[in-house]
Amino acid sequence: MPEIAEVARIVHFLRLHLVGKKIASASAIDDGNVFGKVGTSGAAVESALKGKKVNKRQSANAQARANSSRITLDKPPHLVMHFGMTGWVHIKGEKTAYTNYYKKMKDSDLEQWPPKFWKFHLTTEGKPAVEVAFTDARRFGRVRLVDCPGADIRKHSPLVENGPDPVIDTDVFTEEYLRGKMKSRHVPVKALLLDQTMISGVGNWVADETLYQAKLHPEQYCDDFDDAEIAKLYEAIRYVCQTAVDKLGDSDQFPEHWLFNHRWGKGDKGSSAKLPNGEKLAFITVGGRTSCYAPGVQKKSGRVVATAKVEPVKLEANGDGDNKTHRKKKTARKPALPENDGPPAKKQKKQQVKVEDEPTADLGTGRRRSARLRN
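Presented here is a report on the structure given in the accompanying data block. Note that this is a predicted model, so its numbers are computed, not measured. (Residues numbered from 1 in each chain as written. Predicted model: local features only at pLDDT ≥ 70, side-chain atom pairs only at ≥ 80, totals over all residues. Heavy atoms only, no water.)

## Here we look at the side chain of D195
If you trace the backbone, D195 turns up in the loop between α7 (189–194) and α8 (204–214). At a separation of 3.3 Å, a polar atom in the side chain of D195 contacts the side chain of R185. (Helix = DSSP H or I, 4+ residues; strand = E, 2+ residues; numbered from the N terminus. Polar contact = N/O pair within 3.5 Å; in protein donor to acceptor, adjacent residues only side chain to side chain.)

If you want it as structure tokens, here you go:
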């Protein structure tokens with residue numbers, strides 16, 4: 001899923017190629033998920049784009065709000081794109097995504113325009129013309145029209161419901177803000193970080209990375225951390241998000257010591273068993289979400305979720321360098337502190353996700369070195 005860094009990458013290319021240009025033509029298909037579920041249609045999007053000019057001032061300030069971006073036009077309504085699991089923006093002649101994304105595609109697909117799974121595409125006036133397309137293989141993305149002055153777009157749904165961006169909204173996202181949110185809630189800290197109403201753009205891999213950098217256990221209740229631990233978490237969020245955005249989400253440029261570079265081989269033969277510092281990796285699941293963490297570093301200092309399940313721990317076999325997976329029994333963890341913190345949690349049912357009309361091919365699943373779908 002595109003997170004804060006991936007959306008920053010999309011915004012970078014839109015600024016570079018689309019800002020200030022007039023849209024000569026636009027086409028959109030009639031997709032009941034991408035358009036219909038947010039109250040619009042392909043025909044309405046076509047009409048909103050044709051003949052409009054992409055506003056230079058507003059679009060230049062477009063940023064990652066949750067995993068969304070926007071195209072602010074000279075007249076309303078404006079376009080807000082939520083990328084869901086596999087949404088992306090392509091520009092003809094540019095490789096806006098990542099190396100592994102394109103390696104997964106056939107030569108014929110690379111030459112195809114508009115690209116496979118397109119939902120809308122547009123062409124600008126002038127020479128050379130710029131051609132832009134929004135694609136979404138799994139159709140969890142949403143494209144909607146917001147009818148308001150361009151300067152007020154963040155005051156309207158869906159952007160108004162989102163929390164501050166940790167990179168651009170530093171006047172709001174402060175250590176005091178984070179402390180207030182953590183002390184007023186009683187949820188696992190990982191769940192709090194994934195709450196887009198609390199902070200925008202933090203998905204699974206960003207949350208795991210910040211918790212690893214802060215040396216905090218992902219399933220510890222957020223109101224059990226002391227002020228020093230909260231300060232560490234705040235600094236880690238700012239550091240991880242700013243670094244990832246500065247690199248435009250290019251994982252080849254992420255620091256080698258980051259958890260990100262070693263978390264993707266869960267259970268795979270030949271996958272990394274340790275971080276560069278020698279710490280082993282483990283996975284833990286609660287509420288249907290899996291966290292990667294380093295148990296030797298991320299120690300519990302308070303209560304954890306009783307229903308958290310430990311998954312495979314990655315170990316090296318007999319010191320000979322061959323990797324294998326050691327599977328622990330999936331037994332419920334007990335709270336780290338007194339057990340009288342309310343009634344026992346009910347056993348959670350495994351969630352079933354229904355994918356509507358899901359294509360059999362997903363071109364955005366580059367795995368080893370592509371950041372865009374790693375959550």
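## Observations concerning the sheet that holds strand β2 (residues 68–71)
Strand pairing in a sheet relies on backbone hydrogen bonds. The paired strands run either parallel or antiparallel. An order of β2-β3-β7 is seen for the three strands of this open sheet, with the pairing classed as antiparallel. Of all the strands in the sheet, just β2 and β7 (142–146) have a single pairing partner and so form its edges. Averaged over neighbouring strand pairs, the angle between their axes works out to 20° when direction is ignored. In this structure, strand β3 (residues 78–82) lies alongside β7, joined through five bridges in antiparallel fashion. By the bridge assignment, L79 is partnered in β7 with L145. Running at roughly 55° to β7, helix α2 (residues 42–49) makes contact with β3 and β7 of the sheet. (Pairing = 2+ DSSP bridges. Axes fitted to C-alpha atoms, helices over the stretch in contact; angles between N-to-C directions. Contact = heavy atoms within 4.5 Å.)

## Overview of the packing of aromatic side chains
Two numbers describe a pair of aromatic rings. These are the distance of the centres and the angle of the planes. For the structure on display, the rule yields nine aromatic pairs. Ring centres 6.0 Å apart and planes at 65° place the aromatic pair F173 and Y177 in the edge-to-face group. Neither residue differs from the other here; F173 and Y177 are each classed as buried. Among the aromatic residues, ring-to-ring pairing joins W205, Y239, F254, W258 and F260 into one connected group. (Phe/Tyr/Trp six-rings, centres within 6.5 Å; stacked < 30°, edge-to-face > 60°. Buried < 20%, exposed > 50% of the residue type's maximum accessible area, 1.4 Å probe, protein only.)

## Some details on helix α6 (residues 175–183)
Along α6, the residues that are buried comprise Y177, L178, R179 and M182. Looking at the packing, one finds that the buried side of α6 touches α7 and α9 (227–246).

## Description of the pairing of β2
Where burial is concerned, the two faces of β2 agree: the one with S68 and R70 and the one with S69 and I71 are both buried. Counted along the chain from β2 to the antiparallel partner β3, the turn is six residues long.

## Topic: the nonpolar core
In terms of nonpolar packing, the biggest core is built from 36 residues, with L178, M182, L193, W205, L233 and I237 touching the most fellow members. If you tally residues by element for this core, the top one is α9, at nine residues. Ranked by size, the runner-up nonpolar core spans 30 residues in total, among them F35, L73, V132 and V143. (Core = buried A, V, L, I, M, F, W, Y, C linked by side-chain atoms within 4.5 Å.)

## Quick word on the side chain of D31
By the secondary structure assignment, D31 is in the loop between β1 (23–28) and α2. Classification of D31 by relative accessible area gives buried; the value is 4%. Aside from chain neighbours lying at most four places away, what touches D31 is G36, K119 and R139.

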